[in-house]
Amino acid sequence: MPRLRAVALALALVAAAGCTRGGAPDGAERYVAGDAVVTYVSTGSREPAPALAGEGLDGRPLSLAELRGGGVAVVNVWGAWCVPCRAEQPHLERVWRDTRSRGVAFVGIDIRDDAVAARRHVERYGVTYPSFHDEPGRLLTLFETVPKSPPATYVVDRSGRVAAYAFGVLDEAPLRTLVDRVLAERAP
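Residues numbered from 1 in each chain as written. Predicted model: local features only at pLDDT ≥ 70, side-chain atom pairs only at ≥ 80, totals over all residues. Heavy atoms only, no water.

**Q** Would you explain the overall build of the chain in this entry?
**A** From N to C terminus, the chain includes 5 helices and 9 strands. Counting every position in the chain, which comprises 188 residues, the buried fraction comes to 47%. Here the contacts in the chain between residues at least 6 apart in sequence split such that 68% fall between residues at least 24 apart. Accessible surface for the chain amounts to roughly 9500 Å². Of this, 55% is attributable to carbon and sulfur atoms. (Helix = DSSP H or I, 4+ residues; strand = E, 2+ residues; numbered from the N terminus. Buried < 20%, exposed > 50% of the residue type's maximum accessible area, 1.4 Å probe, protein only. Contact = heavy atoms within 4.5 Å. Areas by Shrake-Rupley, 256 points an atom, 1.4 Å probe, with all protein chains shown as cover.)

**Q** Help me out: how do you make sense of the environment of Val155 in this one?
**A** Following the sequence through the fold, Val155 ends up in strand β8 (residues 152-156). You can call Val155 buried: its relative accessible area is 1%. It is 9.3 Å that separates the C-alpha atoms of Val155 and Phe106, two residues lying 49 residues apart in sequence. Discounting residues that sit within four places of it in the chain, Val155 has contacts with Val72, Ala73, Val74, Arg161, Val162, Ala163, Ala164, Leu178 and Val182.

**Q** Looking at this model, I keep getting lost on the sheet that holds strand β2 (residues 36-41). Mind explaining?
**A** The strand order β1-β2-β9-β8-β5-β6-β7 describes an open sheet built from 7 strands, whose pairing is mixed. Single-partner strands in this sheet number two, and they are β1 (28-33) and β7 (131-134). Shown here is a sheet whose adjacent strand axes are inclined to one another by a mean of 15°, direction ignored. Its contacts with the sheet put helix α4 (residues 115-124) on β5 (73-78), β6 (105-111) and β7, and the angle it makes with β5 is roughly 125°. (Pairing = 2+ DSSP bridges. Axes fitted to C-alpha atoms, helices over the stretch in contact; angles between N-to-C directions.)

**Q** Explain the nonpolar core to me, please; I cannot follow it from the model alone.
**A** Within soluble globular proteins, side chains that are nonpolar tend to cluster in buried spots. Within the largest apolar cluster, 30 residues are counted, with the highest numbers of intra-cluster contacts made by Phe106 and Leu175. Where this core is concerned, the elements lending two or more residues are β2, β5, α3 (83-99), α4, β9 (162-167) and α5 (172-183). Broken down by element, this core gets its largest block of residues, 5 residues, from α5. Apart from residues lying up to four places away in sequence, Phe106 is in contact with Leu67, Val74, Leu92, Val95, Trp96, Thr99, Tyr129, Pro130 and Leu175. Leu64, Val75, Val107 and Tyr154 belong to the second-largest nonpolar core, a separate cluster that totals 23 residues. (Core = buried A, V, L, I, M, F, W, Y, C linked by side-chain atoms within 4.5 Å.)

**Q** Looking at this structure, I do not really get the pairing of β5. What am I missing?
**A** Side-chain direction in a regular strand flips from residue to residue, so the side chains alternate between the two faces of the sheet. Counting buried residues in β5 gives 6 out of 6 residues, a clear majority hidden from the surface. Both faces of β5 are covered, namely the face carrying Ala73, Val75 and Val77 and the face carrying Val74, Asn76 and Trp78. As paired strands, β5 and β6 are joined by 6 bridges and run parallel to one another. Opposite Asn76, over in β6, you have Gly108 as the bridge partner. This β-α-β element, β5 to α3 to β6, shows right-handed connectivity. Relative to β8, β5 is paired through 5 bridges, and the arrangement is antiparallel. (Right-handed = clockwise from strand over helix to strand, strands pointing away.)

In C-alpha cells:
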C-alpha cells in the first residue's frame, strides 16, 4: 500500500509539473496553494502579457490594455463546462469586488463554450467583470506559459508583464495575496 501511495504521489507531481511548456522561469517562486500550482515571477524575469483583444460575451470589443489602463490586471481562463472553474468563480468575484477600487482590472477568457452557455454561466455565478468569448481558445495560446486545461489565472503588473500565474483552482486568500503583492511593487 505505501508503494501505491508513492506511485500516485509521483504521478500527481508529474501531472502538476506538466501544466506548462517548460519549468518556472529563472527567479520564479513556485508553490502549491490549495488546488493550484502558483508561480510568482521576479520582476527581472517577467515576460510581456499578450495583447489580448477580441469580442466580449456581450458582443462588444474588449481589450486587456484598455481595461488595465496601466494598472494591475487579473486574467482568468474558464469554461462553463469546467467544474473546477465553477468552484473558483465566487473567489474571483469577491477579490474583484474588493480590489477594483484600488485600480485592479479583472477579465475572463471563456474557452470552448458557445455564447449562450457562457452568458448563462456568468449570470448563474453573478460575474460582474467582463470576459472574452474565445470559443476556439486562441487567446489562451498567446501566453508564454499555457495550462493544459482551465482554470488558469494570470496576474499582470503595471508594466504589462505577467507577474504571476496559477494553474488549478485558486482560492480567495492566495489570489488576494498575489494581487496585493503585485500592487505593492513600485511602479516602473
